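# Overview (structure and organization)
Here is how the chains run, residue by residue.
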Amino acid sequence: MTGKKATRRHHSRLKRLLAASAAQRETGGTEDDPLRRRTPEEVVEKQLLPYRSVRVLKQRCYRREVWHHNDGGRITFTAEDLRREAERTAVEPFAKPA
């Protein structure tokens, strides 16, 4: 070999940044942030919408049946999207007869 030195791969820095970001999300109180984007996996895991399967939720998004954002080809949800979807699927009770 002619003097080549082993170097760190570029993705090792990315892994550190992602780990720090995940740790900050777990400890930081960013749940109320209106601009925070949630993934379909996170929405199903935390039961923020009445879907039990990530696949079904994504299919509904592809068919534009659920409020969501399409950020660079990735499905994400804001707090406003979740509120709108809850309003859309709400059932109004019958008025009791007097």
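As a reminder, the structure under discussion sits directly above these lines.
Presented here is a report on the structure given in the accompanying data block. Residue positions are counted from 1 within each chain, in the order its sequence is given. Whole-chain, interface and lining totals are the exception, using all residues; otherwise, since this is a predicted model, local features are given only for residues with pLDDT of at least 70 and side-chain atom pairs are given and counted only at 80 or more. Just so you know, side-chain values use all the structure's heavy atoms and leave hydrogens and water out.

### Details of the pattern of salt bridges
Where side chains of opposite charge bring their charged atoms close, a pairing between them can arise. Spelled out, the test is: Definition used for salt bridges: Asp or Glu carboxyl oxygen within 4 Å of a side-chain nitrogen of Lys or Arg. Helix numbers and strand numbers start at the N terminus; a helix is a DSSP run of H or I with at least 4 residues, a strand a run of E with at least 2. Buried means the residue's accessible area, taken with a 1.4 Å probe over protein chains only, is under 20% of the maximum for its type, while exposed means over 50%, and partly exposed covers the values in between.
Counted under the stated rule, the structure contains 9 salt bridges. Residue Lys-46 is joined to Glu-42 by a salt bridge in which the shortest nitrogen-to-oxygen separation is 3.4 Å. The salt bridge partner of Glu-85 is Arg-88, with a shortest N-O separation of 2.5 Å. Of this pair, Glu-85 and Arg-88 both sit in helix H4 (residues 79-88), 3 residues apart, which is roughly one turn of the helix. Note on Arg-88: relative accessible area 46%, which makes it partly exposed. Linked through salt bridges whose partners overlap, the residues forming this network are Arg-36, Glu-42 and Lys-46.

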